[in-house]
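# Secondary and tertiary structure notes
Chain residues, written in single-letter form:
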Amino acid sequence: MKLINKLNFPKDLKKLDEKDIKALSDELREFLIESVSKTGGHLASNLGVVELTLSLFKAFNFDKDKIVWDVGHQSYVYKILTGRKDGFNKLRQFNGMSGFPKRNESKYDCFDTGHSSTSISAALGIARARDLNKEKYSVISVIGDGALTGGMALEALNDVGFRKTNMIIILNDNQMSISKNVGGLSRYLNKLRIAPGYNKLKTDIQASLNQSDLGKNIAGKISKVKDSLKQLVVSSMFFENMGIKYIGPIDGHDINAMTEVFLKSKEVDGPVIIHVLTQKGKGYALAEESPSKYHGVGPFDLESGELNVSPKNSYSKAFGKALINLSAEDKKIVAITAAMPEGTGLKCFSEKFKDRFFDVGIAEEHAVTLAAGMASNGLKPVFAVYSTFLQRAFDQVLHDVCIQNLPVVFAIDRAGIVGEDGETHQGINDLSYLSIIPNIYIVAPKCLEEVEVLLKWAINKNAPVAIRYPRGGNIINTLSPITKIEEGKWEIINRGSKVCIIATGKMVQNAMLVKDILYEKGLNPMVINATFIKPIDKNLLENIKKEGYNILTIEDNILKGGLGSSVKEYLSEIDYKGTIRSLGYNDEFIPQGNVDTLYKAYKLDCESISKAVVNLYD
């Protein structure tokens, strides 16, 4: 029987010899590849941390010690080694095991993660609570080199180095975030990777001197000039100058070396950062060659690596193509991304317009204010970002863009439900948190073909504009795009009677499917495409009131502060006497699951919408 199937995790791990650990490493990779090929998930990052995770268990006791995985998508091996292997058959599925650490899932998960650059801050908070409570255990943060570019990570490093809190930071350096890393910090880490001489020299000198009393005396005196030695051998002592002991780089696939370093790091007084070099996708040739493709992947064929469902045209692709078309005619258009050129559809733009493409790394706050600076000096910046990540730059959107009324376009991808990544990634808040900001316009295309029309309008509006669109593509292909945009005007798609459905974005397609279902039952609701979520079409609402319609609003967003809230607020002002109902998400976070499953659970599927419309006819 395989070790992975017979060992009692994590209790039995410390008993394994070197041969068994190697065998278990191979079994873990084999299990991950086979399991993720069936369910989908984050593959490349987990294949890269197999030995790192095993070394952590050999050096630490996680019944007592605490670990925070940055982002957390690389915690699959950790989940297996803490007794959750049997949960992988429902990985990232509705009511199944999360693809990220969850405190409510296991006692071994001490902190929920999902967004990048948070682990050092969280672990530091845990360490300081430990110290105030006069407890004794190790606290470890595992953070990737891509995540280290996030401002929050640097703020945390500044804090931990200043107060000298005891904690261990493991820098998992695979030279990747989702896409290839960029920026000055990435270049600095490259220098450290190719300049291990300082650490070897330091170790050799220390070992030689410690062999005699005279040597120990000399070692004490040498400490006075150690900073000069560091500056001589390593170009920049970034971490140590911040007050954090630096160790590395070390081979992230050498279990013995890592275990030894981890054990010694527990004896260091003060914070330690251990620089570990790993290979993303290790053990699966296709993932090694294309780690971005296998970062977050759907079910795929093991042999060919191809997705079981062929990728269709998507809003991301439609956006990327539209931006290229518009940029060919307007040289002032520039594109910005936060480490996600592929995911946001900007890959082709980055190749065609290299001088007008800016990947700032995992730094959404910086991206927004960078765009504001560009806009203030005559450029037309478009920042492409997932809805869940734009949340991180709320202050910059409000303070640096909207107060100055600068013409920045926010291309908000993955708006609404995204599915299997769960609460931390569902894009269901953007309508609400953007709607409260003055000066910004919010629009949504009802179909792929409408993306370019809205993008062209947004770029030429000379004001802040947010365009939100979902993951995936069209549900139906019978809708014609708007050809002319009139500010704040909605589109009447179907002129029905008695009940009016006001939908926005992807939900317009659901509304049309519902219209067809109800037509067969003798009902014919009006269907309106709310192209503008801000401002809303007040004139059309007044006409709807006069004609005596009951109203159903539908949005792929939380109800508080969304489209429905804006419609209800205005109708109350004009003394609307009809009945109005809103479909969206209540005041709660939406868990992981297949998109269609979640729509059904939260009554945004066609059957539930149909029932809501029928009730308004009664």
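What this report covers is the structure whose coordinates are included nearby. These numbers come from a predicted model, not from an experiment.

Opposite charge on two side chains makes pairing possible when the charged atoms of those side chains draw close. What the rule picks out here adds up to 26 salt bridges. Here arginine 468 ties to aspartate 430 by a salt bridge, and the two come within 2.7 Å at their closest N and O atoms. Note that arginine 468 is positioned in strand 11 (residues 465-468) and aspartate 430 in helix 20 (residues 430-435), a separation of 38 residues in sequence. Comparing arginine 468 with aspartate 430, the two get one shared label, buried. Where salt bridges share partners, they join Lys79, Arg84, Glu105 and Asp109 into one cluster.

What follows is about the sheet that holds strand 12 (residues 491-494). The strand order across the open sheet built from five strands is 12-14-13-16-17, with neighbouring strands paired in mixed fashion. The open sheet has two free edges, formed respectively by strand 12 and strand 17 (580-585), since each of these has just one partner strand. Adjacent strand axes in the sheet meet at a mean angle of 25° when their direction is disregarded. As defined by bridge partners, strand 13 (residues 499-503) adjoins strand 16 (residues 550-558) across five bridges and the pair is classed as parallel. The residue bridging isoleucine 502 from the neighbouring strand is threonine 553, located in strand 16.

Moving on, we come to the environment of alanine 458. Within the secondary structure, alanine 458 is located in helix 21 (residues 451-459). Among the residues examined, alanine 458 registers a relative accessible area of 1% and is labelled buried. C-alpha separation for the pair alanine 458 and valine 408, spaced 50 residues apart in sequence, amounts to 8.7 Å.

Once that is clear, we can look at the packing of helix 4 (residues 50-59) against helix 13 (residues 255-265). For the pair helix 4 and helix 13, the least separation of the axes is 9 Å and the interaxial angle reads 45°. Between helix 4 and helix 13, the angle is such that the two are oblique. Along this stretch, helix 4 crosses helix 13, giving a crossing that reads as right-handed. Residue-level inspection shows Glu51, Leu52, Leu54, Ser55, Leu56, Lys58 and Ala59 of helix 4 in contact with helix 13, the latter providing Ile255, Met258, Thr259, Phe262 and Leu263. Taken together, the residues of the contact of helix 4 with helix 13 sort by class into eight nonpolar, two polar and two charged.

Turning our attention to the sheet that holds strand 10 (residues 441-443). The seven strands are arranged 7-6-8-9-11-10-15 in an open sheet whose pairing can be described as mixed. Looking at which strands have only one partner, the edges of the open sheet turn out to be strand 7 (357-359) and strand 15 (532-534). On average, each strand axis in the sheet is inclined to that of its neighbour by 20°, with strand direction left out of account. As paired strands, strand 10 and strand 15 are joined by two bridges and run antiparallel to one another. Pairing of valine 443 across the sheet is with phenylalanine 532, part of strand 15. Lying on the sheet, helix 21 is in contact with strand 6 (333-337), strand 8 (380-386), strand 9 (409-413), strand 10, strand 11 and strand 15; it crosses strand 11 at an angle near 170°.

What counts and what doesn't
Residues numbered from 1 in each chain as written. Predicted model: local features only at pLDDT ≥ 70, side-chain atom pairs only at ≥ 80, totals over all residues. Heavy atoms only, no water. Salt bridge = Lys/Arg side-chain N within 4 Å of Asp/Glu carboxyl O. Helix = DSSP H or I, 4+ residues; strand = E, 2+ residues; numbered from the N terminus. Buried < 20%, exposed > 50% of the residue type's maximum accessible area, 1.4 Å probe, protein only. Pairing = 2+ DSSP bridges. Axes fitted to C-alpha atoms, helices over the stretch in contact; angles between N-to-C directions. Parallel < 35°, antiparallel > 145°, perpendicular 65-115°, else oblique. Left-handed = near helix turned anticlockwise from the far one by under 90°. Contact = heavy atoms within 4.5 Å. Nonpolar A, V, L, I, M, F, W, Y, C, P; charged D, E, K, R; others polar.

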